[in-house]
Protein chains: 2
Amino acid sequence: MAGTDRGQDRADPKAPQPAVVLVRPQIGENVGAAARAMLNFGLTDLRLAAPVCAWPNAKAVNAASGASVVLNEVDTFASTRAAVGDLQWVCATTARPREMIKPVLTAVAAAEELRARLAAGLRVGILFGPERTGLENDEVALADAVVTIPLNPGFASLNLAQAVVLVAYEYFQAGDSTPAVQDDHERLGRASKADITSLLDHMVRELDGTSFFRSDDRRERRIQELELLLHRRELRVAEIHTLRGVVKALTQERRPARRRQSV
Amino acid sequence: MAGTDRGQDRADPKAPQPAVVLVRPQIGENVGAAARAMLNFGLTDLRLAAPVCAWPNAKAVNAASGASVVLNEVDTFASTRAAVGDLQWVCATTARPREMIKPVLTAVAAAEELRARLAAGLRVGILFGPERTGLENDEVALADAVVTIPLNPGFASLNLAQAVVLVAYEYFQAGDSTPAVQDDHERLGRASKADITSLLDHMVRELDGTSFFRSDDRRERRIQELELLLHRRELRVAEIHTLRGVVKALTQERRPARRRQSV
């Protein structure tokens, strides 16, 4: 039964995606946190090779924080070799360099390689070693490439779930088209230059009746200062209305001054 | 005493870096995991605004896994406003868009902005909201920009420490020059074309005494197959020696076949 239903409660069973293989994980919480991190970035194929922690694991369920679609479908294997048996391209995460002839990739480069191989129709995966020791050399030897995340050489002990989230994040990023910077000005009604000029005119009109412009000479310069200030602020229409309301209130509706309440 | 020693046990007290401000954190483990993640990427200025969890916190120490250089120097503040009081540019992480006129940045763009402002001599920081609710709108209003990490819209609940590690990672990446792909071939002695030709000659010499080349016509083709195979493999000198040793052993030293032991 589980076999036939398998794909259906996954996020997108049709889209091929990399398998995440945790080798001999020791701590149930880390498996749960890894499952949650995977689902955050759309990955659902989690495999455990010879888990050291008990499995199933209540602490993993708790740490997965609702990512049961991943946790309920975890496949366990007796060995790393068995866990990657069906895969055609594998990368292995390592904290330190190994003396092996394998390309060493950043997480960004690994994400690109994974996507390129998937696009070519290959079954791919990523190996993560046990918390304390990392992968054995003969496990790294199974891989086509090594992934090493550049980090502070003075404190390079990265938590297992943190390593998973970084690789999953880069995998998602490589297929994501969110613009680096989004600005809501357009959508929220950015003010036109005429809106700003009209506000300025309003302010100058009201200020002419006060001591703000001390002399004609000074008037010119202060108007220019205001103009620069207003045009630099990328105001939106609603803000222009707010500021005109402030000017209006200060000139027409002002009641006797009272002590300002501290916010 | 703590005040005067403060900078000295930080990773690099001279280098200006962004402050990480956790607003009303609820779970001690998350503060500890955030401290560890920060130090992984060289950040040490951790601030807590109105922490809900007890502080100091034994579970935080445990989760920090040795990042005491960060944890021992945590500054706590009564409010978010107080925690960012000395800062001149701040970005606020949010899971969902807010109707505010602020640029919305990916983590990559935020890292670039942070570095650019630091390079210009500004004091900068990153706000992270409480686990369950995220930042309040009036806290986001304090920020110059919003950071939203693109993720699976179907499961967008990112753990607090995971959010911290992603932003810290991108901050580190933006200043890191590790090549995307490193290949050890050069350093480990990549074989020259002559090394490969010499191996091929050795193989052909030995194979000529066997049934491998059935006819002269076939010989030409099979030699070409071997040549393609060997030149495609990016072999190193040591591997050429290994393969020549295999050929030598198979032709000169072979003892009566015995059943191969399974590895």
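What counts as what
Residues numbered from 1 in each chain as written. Chains lettered and ligands numbered in written order. Predicted model: local features only at pLDDT ≥ 70, side-chain atom pairs only at ≥ 80, totals over all residues. Heavy atoms only, no water. Salt bridge = Lys/Arg side-chain N within 4 Å of Asp/Glu carboxyl O. Helix = DSSP H or I, 4+ residues; strand = E, 2+ residues; numbered from the N terminus. Buried < 20%, exposed > 50% of the residue type's maximum accessible area, 1.4 Å probe, protein only. Patch = residues over 30% accessible without salt bridge, like charges linked within 9 Å, V, L, I, M, F, W, Y side chains within 5 Å. Areas by Shrake-Rupley, 256 points an atom, 1.4 Å probe, with all protein chains shown as cover. Domains from an automatic or database assignment. Expected span 1.5 Å × (residues − 1). Polar contact = N/O pair within 3.5 Å; in protein donor to acceptor, adjacent residues only side chain to side chain. Pairing = 2+ DSSP bridges. Contact = heavy atoms within 4.5 Å. Axes fitted to C-alpha atoms, helices over the stretch in contact; angles between N-to-C directions. Parallel < 35°, antiparallel > 145°, perpendicular 65-115°, else oblique. Left-handed = near helix turned anticlockwise from the far one by under 90°. Nonpolar A, V, L, I, M, F, W, Y, C, P; charged D, E, K, R; others polar.

1. Digging into the pattern of salt bridges
- With the rule as written, the count across this model stands at 16 salt bridges over all chains.
- For A:Asp208, the salt bridge identified is with A:Arg219, shortest N-O distance 2.9 Å. Of this pair, A:Asp208 sits in the loop between α9 (193–207) and α10 (216–231) while A:Arg219 sits in helix α10, and the two are 11 residues apart along the sequence.
- By relative accessible area, A:Arg219 is classed as partly exposed at 25%.
- Here B:Glu139 ties to B:Arg24 by a salt bridge, and the two come within 2.4 Å at their closest N and O atoms. Taken together, the residues B:Glu139 in helix α7 (residues 137–140) and B:Arg24 in the loop between β1 (19–23) and α2 (28–40) connect sequence positions 115 residues apart.
- A relative accessible area of 5% places B:Glu139 in the buried class.
- Overlapping salt bridges bring together A:Arg24, A:Glu136 and A:Glu139 as one network.

2. Notes on a nonpolar patch on the surface
- Residues A:Leu243, A:Val246 and A:Leu250 make up a contiguous nonpolar surface patch of about 240 Å² in total accessible area.
- Looking at the element boundaries, A:Leu250 is found in helix α11 (residues 237–252).

3. Some thoughts on the domain arrangement of chain A
- Under the domain assignment used here, chain A contains domain 1 (2–176) and domain 2 (191–251).
- On a C-alpha basis, the centroid separation for the pair domain 1 of chain A and domain 2 of chain A is 59 Å.

4. A word on helix α8 (residues 160–174) of chain B
Residue and element names in this part refer to chain B.
- Spanning 15 residues, α8 covers 22 Å between terminal C-alpha atoms, matching the ideal 21 Å at 1.5 Å per step.
- Along α8, 14 of the 15 residues are buried, which leaves the element largely enclosed by surrounding structure.
- Of the residues that open α8, the one with a side-chain oxygen 2.8 Å from the backbone nitrogen of Ala-161 is Asn-159.

5. Quick look at the sheet that holds strand β3 (residues 75–77) of chain A
- The strand order across the open sheet formed by 8 strands is β3(A)-β2(A)-β1(A)-β6(A)-β4(A)-β7(A)-β5(A)-β8(B), and the pairing between neighbours is mixed. Edge positions in the sheet fall to β3 of chain A together with β8 (181–182) of chain B, since each of these pairs with one other strand and no more.
- Packing against the sheet, helix α2 (residues 28–40) of chain A makes contact with β1 (19–23) and β2 (46–49) of chain A, and its axis sits at approximately 155 degrees to β2(A).
- The sheet contacts of helix α6 (residues 107–119) of chain A involve β4 (89–93), β5 (104–105), β6 (124–128) and β7 (145–147) of chain A together with β8 of chain B, and relative to β6(A) the element is tilted by about 150 degrees.

6. Digging into the packing of helix α8 (residues 160–173) of chain A against α8(B)
- Across the interface, α8(A) lies against α8(B) with an axial gap of 10 Å and an inter-helix angle of 65 degrees. As summarised for this structure, α8(A) and α8(B) are arranged roughly perpendicular, according to the angle between their axes. For the pair α8(A) and α8(B), the sense of crossing is right-handed. Between α8(A) and α8(B), the residues in contact are A:Ala161, A:Gln162, A:Val165, A:Leu166, A:Tyr169, A:Glu170 and A:Gln173 and B:Ala161, B:Gln162, B:Val165, B:Leu166, B:Tyr169, B:Glu170 and B:Gln173, respectively.
- Across the contact of α8(A) with α8(B), the residue classes break down as 8 nonpolar, 4 polar and 2 charged.

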